[in-house]
There are 2 protein chains.
Amino acid sequence: MEARLTNPPETNRSLPIALLRAREKVMGPIRTMLSDVGVTEQQWRVLRVLNERGTLDPTEIAERSCLLLPSLTRILQTLEGKELITRAPHPTDRRKQLVTITQAGRQLIVDNMEESRRLNAWLKESFGNEKLEQLLDLLNELDTLERT
Amino acid sequence: MEARLTNPPETNRSLPIALLRAREKVMGPIRTMLSDVGVTEQQWRVLRVLNERGTLDPTEIAERSCLLLPSLTRILQTLEGKELITRAPHPTDRRKQLVTITQAGRQLIVDNMEESRRLNAWLKESFGNEKLEQLLDLLNELDTLERT
DNA sequence: CATTTGTACTTAACATGTTAAGCAAATGCG
DNA sequence: CGCATTTGCTTAACATGTTAAGTACAAATG
């Protein structure tokens, strides 16, 4: 079993690729839903964060939506162009901005949240709620690892 | 780190984002390693598939390396330019190609496989081999789901 | 054999991922 | 205060993700 010193491990036991495939499985339907209303998966994440947390600065949006700042800069420009968010200067720190979701942005979330919940329900039913929770626990624990 | 404690549980319980974070955790060190030799994570995946399976056509490479064909087209052009692969016309079907890894490509894999194994060993040690296998099983099972 | 349909890429266009560099404002310090 | 450093965001450059359209060839059909 350990005679693989000259050959790399098979890709189906490769964690990076397994994570990629699982993510594609989960995100595929969501992307389809969102493309119908003209927003990407990342734009949707930003809008949801703003809807849940209220006005935020870009750095905090990036952290909460799991995006890097250069990507977020472009996304905020796009969302502003679509009038789904507004940007205002920070009152005391002129380096910062304050980003707020617009009414149209909130409406977009309302219009798609039901379908989003339906997809989540499908996942729970197909995969099993217990396994789903177990998977989330493992993923979250993995995320806490620190390389020594 | 206290920042984690301030995060709402909902982000930790979102499967797409949890998959994203876990993937970043695992891929970060690998990307660092690969950038030192001038190949990307995706190029590395293609080379490994070719090294494992031998000569393949682009469609099968795409399936096995989890890449879409348009991405793969560009990647193969890049890898050919770096002389890490060669492309030959299919003997009977002139629509197809046959892609083969070069000696330089194999050498690149050899040069990095030890470090790759070291990272995998770190993962097994930090996370636990049993949990790792359990996680892989769950991810692979998730990937088999079909939407009804 | 001619036409239609399908296959195997390829190209295009736009969005994001990723790293590095840039810039203005804020902060730390002598 | 004056200046180096840090912070917050932006831009740039290159690679990939994603969808749609295009092209050449093959296979199926009549």
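Details of the structure are given in the entry above.
Residues numbered from 1 in each chain as written. Chains lettered and ligands numbered in written order. Predicted model: local features only at pLDDT ≥ 70, side-chain atom pairs only at ≥ 80, totals over all residues. Heavy atoms only, no water.

### Considering the protein's contact with DNA strand C
Step number 1: The local shell around DNA strand C holds 25 residues, among which Gln-42, Ser-71 and Arg-74 of chain A together with Arg-95 and Gln-97 of chain B are the closest.
Step number 2: Put simply, 64% of the atoms of DNA strand C that lie within 4 Å of the protein are in sugar or phosphate.
Step number 3: The side chain of Gln-42 of chain A places a nitrogen or oxygen atom 3.0 Å from a sugar or linking oxygen of DNA strand C.
Step number 4: Separating a phosphate oxygen of DNA strand C from a side-chain N or O atom of Ser-71 of chain A is a distance of 2.8 Å.
Step number 5: Secondary structure elements with two or more residues in the surface near DNA strand C: helix H2 (41-53) and helix H4 (69-81) of chain A together with helix H5 (58-65) and helix H6 (69-81) of chain B.
Step number 6: Considering each element in turn, the surface near DNA strand C owes the most residues, five residues, to H6 of chain B. (Near = heavy atom within 4 Å. Polar contact = N/O pair within 3.5 Å; in protein donor to acceptor, adjacent residues only side chain to side chain. Helix = DSSP H or I, 4+ residues; strand = E, 2+ residues; numbered from the N terminus.)

### Looking at the packing of helix H5 (residues 103-127) of chain A against helix H6 (residues 129-143) of chain A
Helix-helix packing is characterised by the crossing angle of the two axes and by the distance between the axes.
All names here are of chain A.
Step number 1: Where H5 meets H6, the axes come as close as 6 Å, and the angle between the chain directions of the two elements is 105°. When the axes of H5 and H6 are compared, the pair comes out roughly perpendicular. Residues Leu-123, Lys-124 and Phe-127 of H5 touch H6, and the partners they reach there are Asn-129, Lys-131, Leu-132 and Leu-135. (Axes fitted to C-alpha atoms, helices over the stretch in contact; angles between N-to-C directions. Parallel < 35°, antiparallel > 145°, perpendicular 65-115°, else oblique. Contact = heavy atoms within 4.5 Å.)

### As for H5 of chain B
All names here are of chain B.
Step number 1: Buried within H5 are the following residues: Pro-58, Ile-61, Ala-62 and Ser-65. For H5, the angular spread of buried residues about the axis comes to 100°, placing them on one side.
Step number 2: On its buried face, H5 sits against helix H4 (41-53), H6 and strand S2 (97-101).
Step number 3: Backbone geometry just downstream of H5 places Cys-66 in the positive-phi region, at approximately 60°. (Buried < 20%, exposed > 50% of the residue type's maximum accessible area, 1.4 Å probe, protein only. Arc of directions from axis to C-beta.)

So yeah, pure geometry; function would need other evidence.
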